[in-house]
Amino acid sequence: MDTPYQNHIDKDEFNYVYEPAEDSFLLIDALEKEIDFLRKKNPLLCLEVGSGSGVVITAFAMAFPHCLCFCTDINHRACLMSQSTASHNKVFLECVNMNLVTCFVDKKFDVLIFNPPYVETESNDCLSNGIVASWAGGIKGREITDKLLDMVPKILTDDGIFYLLLIKENIPEEVKEIMLQKGFQANLVLERKVKNEHQIVIKFYR
Amino acid sequence: MKLITHNMLTSKCLKGVVTGYPLAISATNIKVTEVDFNPDFIVRIIPKIDWEVFWKAADSIGHSDGLPQTVESKLHDNNDFLKKVHRVLLEVEIDEGHLTCPESGRQFPITKGIPNMLLTEAENKFAMLLKSANDLYHEVFAPMPRQI
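Rules used in this analysis
- Residues numbered from 1 in each chain as written.
- Chains lettered and ligands numbered in written order.
- Predicted model: local features only at pLDDT ≥ 70, side-chain atom pairs only at ≥ 80, totals over all residues.
- Heavy atoms only, no water.
- Contact = heavy atoms within 4.5 Å.
- Buried area = accessible area lost by both parts, 1.4 Å probe.
- Salt bridge = Lys/Arg side-chain N within 4 Å of Asp/Glu carboxyl O.
- Polar contact = N/O pair within 3.5 Å; in protein donor to acceptor, adjacent residues only side chain to side chain.
- Helix = DSSP H or I, 4+ residues; strand = E, 2+ residues; numbered from the N terminus.
- Phe/Tyr/Trp six-rings, centres within 6.5 Å; stacked < 30°, edge-to-face > 60°.
- Buried < 20%, exposed > 50% of the residue type's maximum accessible area, 1.4 Å probe, protein only.
- Lys NZ or Arg CZ within 6 Å of the ring centre and 35° of its normal.
- Patch = residues over 30% accessible without salt bridge, like charges linked within 9 Å, V, L, I, M, F, W, Y side chains within 5 Å.
- Areas by Shrake-Rupley, 256 points an atom, 1.4 Å probe, with all protein chains shown as cover.

A. Spatial organisation of the interface of chain A and chain B. Chain A puts 29 residues into the contact, and the matching count from chain B is 27 residues. On the chain A side of the contact with chain B, Leu44, Glu94 and Cys103 of chain A bury the most area, a combined 25% of that side's loss. For the pair chain A and chain B, the interface holds two salt bridges. Note that Asp110 of chain A and Lys48 of chain B form a salt bridge whose closest N and O atoms lie 3.7 Å from each other. The interface formed by chain A and chain B includes 11 residue pairs in polar contact (both at pLDDT 80 or more). Every element with two or more residues in the side of chain A that touches chain B is listed here: β2 (68–73), α4 (76–88), β3 (93–97) and β4 (109–114) of chain A.

Laid out in structure tokens, this is it:
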């Protein structure tokens, strides 16, 4: 999987939108590891929630030219950046300024990708829709993730796949248990220790 | 916003709105951008879209010319038909305008091609208030056995 061209982005914009970092690249590497599996699935519609700079969904769109890619972000500036990253890399991307997936009809997406705000913070910190929303995860760094988990069964097609990035502090075992209750199996795709963070990417499927 | 996206958007996130679908389109600026034509993709996407909603949306922005009101599988071999669907579904783009919730009349602006489906702070507060009131109601009344 190629890393999208990003030099078009004005660096000052990263005061408002999360700048691609190790977690973003781990997610791209995880999707690359899944490429043969995903090619066999031949997904039609893919959605990234909280796309920020748009680097992950653009990388996906470049690798899967026959899949239509969508993204949402609660931050309007992130939506604009995702859109421009996609167009600079000449891929199709539809972007909607939305809270998670609350305004999509059910059972359309074959692939769902989420790099959530995972940092442990006070509960109130995760109510913003600016740059803070890109990292502040509330209690256990899981408040936003848990909200999305509840929506996953409805947003995915019956054989849809969900890729989620977490850190150890988010207690991935608990997340797996929550998803198991909803009928999803879990596989670890990739993990990496970066500075003081242990990041992992999990794949959920029915 | 392309019509493929419109076909999948609802305003059911608004409290009191049941289906919120389809949203009405008001367009003040429409762009057409070229997208690579992939007939196989169009054949696969047709069963996934709500055709009636797609046709009416196309008609409401003046792009339904040559698009049949109902779709039959024999059309899947017709390249002209697939090209037309490709154009209206993926190339026509609402750049500026707004979407309107069919139940509440609430408008969602579209700027630079991006629909803003976020609720206002007041709408969010109201939704949270309604949820707390609902939780409280269930906490107080649900444990009580019904007596007649």
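B. Representation of the packing of aromatic side chains within the structure. Tallied over the entire structure, the rule returns six aromatic pairs over all chains. Their ring planes at 25° and their centres at 4.6 Å tell us that Phe60 of chain A and Phe64 of chain A sit as a pair that is stacked. With a centroid separation of 6.0 Å and an interplanar angle of 35°, the aromatic rings of Trp51 of chain B and Phe81 of chain B are classed as tilted. A residue pair is termed long-range when its members are at least 10 positions apart, and Trp51 of chain B in helix α3 (residues 51–60) and Phe81 of chain B in helix α4 (residues 79–91) qualify at 30 residues. Exposure class is identical for Trp51 of chain B and Phe81 of chain B. Each is buried. Among the aromatic residues, those joined into a ring-pair cluster are Phe70, Phe104 and Phe109 of chain A. Here Lys203 of chain A stacks its cationic end above the ring of Phe37 of chain A, 3.5 Å away from the centre of that ring.

C. Molecular detail of the pattern of salt bridges. Taken as a whole, this structure holds 17 salt bridges over all chains when the rule is applied. The salt bridge involving Asp95 of chain B is made with Lys31 of chain B; its shortest N-O contact spans 3.8 Å. One end of the pair, Asp95 of chain B, is in strand β2 (residues 92–100); the other, Lys31 of chain B, is in strand β1 (residues 24–32), and 64 residues separate them in sequence. A relative accessible area of 12% means that Asp95 of chain B is categorised as buried. Residue Lys31 of chain B is classed as partly exposed on the basis of its relative accessible area, which comes to 35%. Each of Lys140, Arg142, Asp146 and Glu174 of chain A takes part in a single network of salt bridges with overlapping partners.

D. Local environment of a nonpolar patch on the surface. On the surface, a nonpolar cluster with roughly 410 Å² of combined accessible area is contributed by Leu136, Tyr137, Val140 and Phe141 of chain B. By the secondary structure assignment, Tyr137 of chain B is in helix α5 (residues 121–141).

E. View of the environment of Met81 of chain A. Residues and elements named next belong to chain A. Topologically, Met81 is positioned in helix α4. Owing to a relative accessible area of 5%, Met81 belongs among the buried residues under this scheme. For the pair Met81 and Asp23, spaced 58 residues apart in sequence, the C-alpha separation works out to 18 Å. When neighbours within four sequence positions are excluded, Met81 is seen to be in contact with Ile9, Glu13, Phe14, Val17, Gly52 and Ser53.

Function cannot be read off these values alone, since they describe shape.
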